[in-house]
Number of protein chains: 2
Amino acid sequence: MDLHILDHKLRVTSISKTGLQQYTHPLIKLIFLRNRTRCKFFSLTETPENYTVVLDEEGFKELQPSEHLQVEGSTWLPLNVVSNGNTSSSSQAVGVTKIAKSVIAPLAEQHVSVFMLSTYQTDFILVREKDLSVVVETLVEEFNIFREEGGESVPVHSQDACNGLQRNGREVPHATVHPVLIPENQFCVMSLDPDTLPAIATTLIDVLFYSNSPKEGASVDQDMKCIKFFSFSLIDGYVSLVMDTEAQRQFPADLLFTSSSGELWRMARIGGQPLGFDECGIVAQISQPLADSDISAYYISTFSFDHALVIPDHPACVYFAILICWHSVCRGYVLV
Amino acid sequence: MDLHILDHKLRVTSISKTGLQQYTHPLIKLIFLRNRTRCKFFSLTETPENYTVVLDEEGFKELQPSEHLQVEGSTWLPLNVVSNGNTSSSSQAVGVTKIAKSVIAPLAEQHVSVFMLSTYQTDFILVREKDLSVVVETLVEEFNIFREEGGESVPVHSQDACNGLQRNGREVPHATVHPVLIPENQFCVMSLDPDTLPAIATTLIDVLFYSNSPKEGASVDQDMKCIKFFSFSLIDGYVSLVMDTEAQRQFPADLLFTSSSGELWRMARIGGQPLGFDECGIVAQISQPLADSDISAYYISTFSFDHALVIPDHPACVYFAILICWHSVCRGYVLV
């Protein structure tokens with residue numbers, strides 16, 4: 001298996017619900033006007049709490065500082081696992097499940113924080129630039145590691161990166177057990193030809209910028225059975241959308257596509273209080289048991305919480321799968 | 001001829017060039033998301049100085065006060081002349097020329113300020129609500145006047161409005177002669193099916209919100225041979241666009257339509273310093289001589305300047321037509 005360190009330097013930011021208006025101008029430019037920006041990595045995810053925006057330095061320049069913009073202090077690098085054809089993995093699962101044992105668990109053991117961003121096309125594992133040497137040391141046995149630079153893939157060897165491994169060999173930390181919220185809405189993971197993005201522009205603008213729930217700016221109501229979750233990404237020219245079935249109905253059915261089986265996914269939101277960026281092992285706690293059971297899962301981190309999307313083998317077992325996995329690892333409590 | 005006082009109460013506002021970003025959110029809503037607003041009269045015109053936004057009270061609510069928003073203090077009402085079939089006019093001219101003698105000149109004589117807004121479909125004559133009684137008294141001999149109220153056309157008689165006519169019978173004031181700038185760009189006046197507005201959304205957004213000239217926020221450079229002028233209106237469901245040929249090339253040719261002859265228009269910008277809203281007779285000074293020569297003209301007032309669009313009989317005579325008309329009335333000086 002190959003691991004690529006992609007040629008993007010990313011910032012992880014959050015725009016408050018009430019601040020969205022003043023960021024409409026740069027966000028619309030980044031989403032729709034590719035000729036006017038050199039941003040190549042852009043992701044916007046609406047949750048009930050805020051809008052998480054992950055974007056490269058070219059895109060980040062467009063966001064003027066304000067009280068409504070929070071910026072995580074680090075530069076993050078996206079990693080991407082590429083099957084090079086002769087993989088021996090027998091797993092049929094997709095998403096974070098495929099990389100749970102080979103990438104997520106080893107990084108958690110080394111106390112490396114990861115920020116996950118699953119898309120229709122692939123799964124990006126974001127790590128802090130300052131953790132790169134540890135990441136390379138940790139993963140070099142399992143992977144051929146390449147660093148993408150100016151369109152070239154340059155092999156990376158571990159001798160350049162031998163610091164920080166005094167923490168090597170620790171267990172996945174089990175310290176914190178986070179509550180899980182499982183809303184009732186069902187989600188689809190979709191894509192479209194980027195050339196047809198203009199055709200859905202007004203719908204996408206409407207959904208992203210004007211569909212505030214009645215309780216604007218409020219945190220999740222514990223009584224709320226469905227939660228707002230909408231994710232758009234435009235990364236290296238590929239569009240990915242994650243939305244619930246209610247949002248999906250607003251889009252023309254002939255332009256968006258999903259996998260042939262057209263699965264609907266259920267979501268587990270991880271975290272009762274905002275998770276922060278320093279705790280390690282959260283993705284590992286969720287993804288390892290899913291991998292043990294070979295259950296496909298997407299995983300989308302946001303500024304406040306993590307989100308796992310799981311497709312049940314049959315409609316009733318999503319709770320079962322998540323609960324069993326969760327309890328088997330964490331023995332924690334679960335809000336359903 | 002019938003004169004309709006339309007059922008819109010309008011505000012005339014200006015957004016500064018540097019303030020456009022913070023008004024992108026409400027403006028995109030007013031232009032593209034008809035389901036989310038009850039605004040029925042919306043016009044946005046970009047000039048080198050600013051963005052003039054004319055809109056009804058429902059739309060005006062969307063614009064938050066700020067240092068970047070200037071609001072003319074009055075409520076304005078749009079008037080609209082409708083030929084009722086048995087007009088005896090022999091004029092083939094279109095636009096403000098048709099109403100120069102019957103509406104514009106009499107109102108100027110009564111010192112009523114007008115704000116003109118020509119569109120692809122018709123010409124709106126905006127007058128201050130407080131001047132309505134004078135307007136009715138002045139025009140009631142020439143027109144059957146109707147006030148539109150909740151979809152009904154109610155006849156208006158002058159007995160309800162008999163104040164303010166002590167000023168009756170004055171000449172068109174010749175006091176101020178304004179310089180005229182005639183840029184080299186050529187303009188077209190276009191429309192499109194409002195249902196196809198989403199298809200040009202990204203292009204229209206690009207042109208309106210992201211095409212700032214290099215000298216952002218600056219006033220017109222006297223050396224500048226072309227000036228930025230782009231007008232979009234969505235009034236009672238009808239779309240009208242006025243743009244120069246450079247902007248036109250960015251739009252798909254199959255969606256926008258113009259009159260069958262596809263004329264290109266030249267513009268005369270009236271005013272060296274911002275005109276303000278209290279001077280009367282400016283439109284009359286320009287439109288009367290055009291009417292004398294039966295020369296078609298559109299006329300678009302903005303927050304700072306007035307703009308006449310004239311189509312020459314043959315390409316070389318636009319200067320001739322405007323200059324002769326101008327000099328014959330005003331004997332003033334002209335910047336070309």
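Residues numbered from 1 in each chain as written. Chains lettered and ligands numbered in written order. Predicted model: local features only at pLDDT ≥ 70, side-chain atom pairs only at ≥ 80, totals over all residues. Heavy atoms only, no water.

**Considerations on the overall build of chain A**
Along its length, chain A carries eight helices and 17 strands. Across chain A, the fraction of contacts at a sequence separation of at least 24, relative to all contacts at a separation of at least 6, is 78%. Taken as a whole, chain A presents about 14,400 Å² of accessible surface, with 47% of it coming from carbon and sulfur. (Helix = DSSP H or I, 4+ residues; strand = E, 2+ residues; numbered from the N terminus. Contact = heavy atoms within 4.5 Å. Areas by Shrake-Rupley, 256 points an atom, 1.4 Å probe, with all protein chains shown as cover.)

**A closer look at the relation of the copies chain A and chain B**
Structural alignment of chain A on chain B gives an RMSD of 0.0 Å, achieved by rotating through 180° and translating 0.0 Å along the axis. Taken together, these values place the two copies in the relation of a two-fold axis. Scanning chain A for the C-alpha nearest the rotation axis identifies Gln22(A), at a separation of 2.6 Å. The share of interface residues of chain A whose copies in chain B are also at the interface is 100%, consistent with both copies meeting through the same surface. (Least-squares fit on C-alpha atoms with pLDDT ≥ 70 in both.)

**Notes on the interface of chain A and chain B**
With 17 residues of chain A at the contact, the number on the chain B side is 17 residues. Buried area between chain A and chain B, both sides added, is near 1,800 Å², and the carbon and sulfur share of it is 61%. For the chain A face of the interface with chain B, the top three residues by lost area are His25(A), Thr202(A) and Tyr210(A), together amounting to 39%. Across the contact surface, chain A and chain B share two salt bridges. The closest approach of N and O atoms between Arg36(B) and Asp206(A), which form a salt bridge, is 2.4 Å. At the junction of chain A with chain B, the criterion picks out ten residue pairs in polar contact (both at pLDDT 80 or more). If you list the elements that add at least two residues to the side of chain A that touches chain B, you get helix H1 (20–32) and helix H5 (201–210) of chain A. A total of seven residues in the side of chain A that touches chain B trace back to one element, the largest contributor, which is H1(A). (Buried area = accessible area lost by both parts, 1.4 Å probe. Salt bridge = Lys/Arg side-chain N within 4 Å of Asp/Glu carboxyl O. Polar contact = N/O pair within 3.5 Å; in protein donor to acceptor, adjacent residues only side chain to side chain.)

**Comments concerning the pattern of salt bridges**
This model, assessed by the stated rule, comprises 26 salt bridges over all chains. In this structure, Glu46(A) engages Lys228(A) in a salt bridge whose closest nitrogen and oxygen atoms are separated by 3.8 Å. On the criterion of sequence distance, the pair formed by Glu46(A) in strand E3 (residues 41–46) and Lys228(A) in the loop between H5 and strand E13 (230–235) is long-range, its members being 182 residues apart. When its relative accessible area of 1% is taken as the criterion, Glu46(A) is described as buried. Between Glu58(B) and Arg38(B) there is a salt bridge, with its nearest N and O atoms 3.2 Å apart. Of this pair, Glu58(B) sits in helix H2 (residues 57–60) while Arg38(B) sits in the loop between helix H1 (20–32) and strand E3 (41–46), and the two are 20 residues apart along the sequence. When its relative accessible area of 24% is taken as the criterion, Glu58(B) is described as partly exposed. Here Arg38(B) falls in the exposed class, since its relative accessible area comes to 61%. (Buried < 20%, exposed > 50% of the residue type's maximum accessible area, 1.4 Å probe, protein only.)

**A few points about the environment of Val177(A)**
Among the structural elements, Val177(A) can be located in the loop between strand E10 (152–155) and strand E11 (180–181). Measuring from C-alpha to C-alpha, the distance between Val177(A) and Ile270(A) comes to 9.5 Å, with 93 residues separating the pair along the chain.

**A word on the UniProt feature "domain: CASTOR1 N-terminal" (unreviewed entry) in chain A**
In the numbering adopted here, UniProt assigns the feature "domain: CASTOR1 N-terminal" (unreviewed entry) to residues 9–69 of chain A. Between the first and last C-alpha atoms of residues 9–69 of chain A the distance is 19 Å; the span itself is 28% helix and 34% strand. (UniProt positions renumbered as here; feature names shortened; annotations may be inferred.)

**Topic: the packing of aromatic side chains**
All names here are of chain B. Counting across every chain of the model gives 20 aromatic pairs over all chains. Their ring planes at 15° and their centres at 6.4 Å tell us that phenylalanine 230 and phenylalanine 251 sit as a pair that is stacked. Of this pair, phenylalanine 230 sits in strand E13 (residues 230–235) while phenylalanine 251 sits in the loop between helix H6 (245–248) and strand E15 (265–270), and the two are 21 residues apart along the sequence. The same class applies to phenylalanine 230 and to phenylalanine 251, which are both buried. Ring geometry for phenylalanine 277 and phenylalanine 303: centres 5.0 Å apart, planes at 70°, overall edge-to-face. With a gap of 26 residues between them, phenylalanine 277 in the loop between E15 and helix H7 (282–292) and phenylalanine 303 in the loop between strand E16 (297–301) and strand E17 (306–310) connect regions that are remote in the sequence. (Phe/Tyr/Trp six-rings, centres within 6.5 Å; stacked < 30°, edge-to-face > 60°.)

**Description of the packing of helix H3 (residues 100–109) of chain A against helix H7 (residues 282–292) of chain A**
Residues and elements named next belong to chain A. One way to put it is that H3 packs onto H7 with a least axis distance of 9 Å and a crossing angle of 150°. One finds that H3 runs roughly antiparallel with respect to H7. Remark: the crossing between H3 and H7 carries left-handed chirality. Residues Ala100, Lys101, Ile104, Ala105 and Ala108 of H3 form the contact with H7, whose own contacting residues are Val283, Ala284, Ser287, Gln288, Ala291 and Asp292. Tallied by class, the residues present in the contact of H3 with H7 amount to seven nonpolar, two polar and two charged. (Axes fitted to C-alpha atoms, helices over the stretch in contact; angles between N-to-C directions. Parallel < 35°, antiparallel > 145°, perpendicular 65-115°, else oblique. Left-handed = near helix turned anticlockwise from the far one by under 90°. Nonpolar A, V, L, I, M, F, W, Y, C, P; charged D, E, K, R; others polar.)

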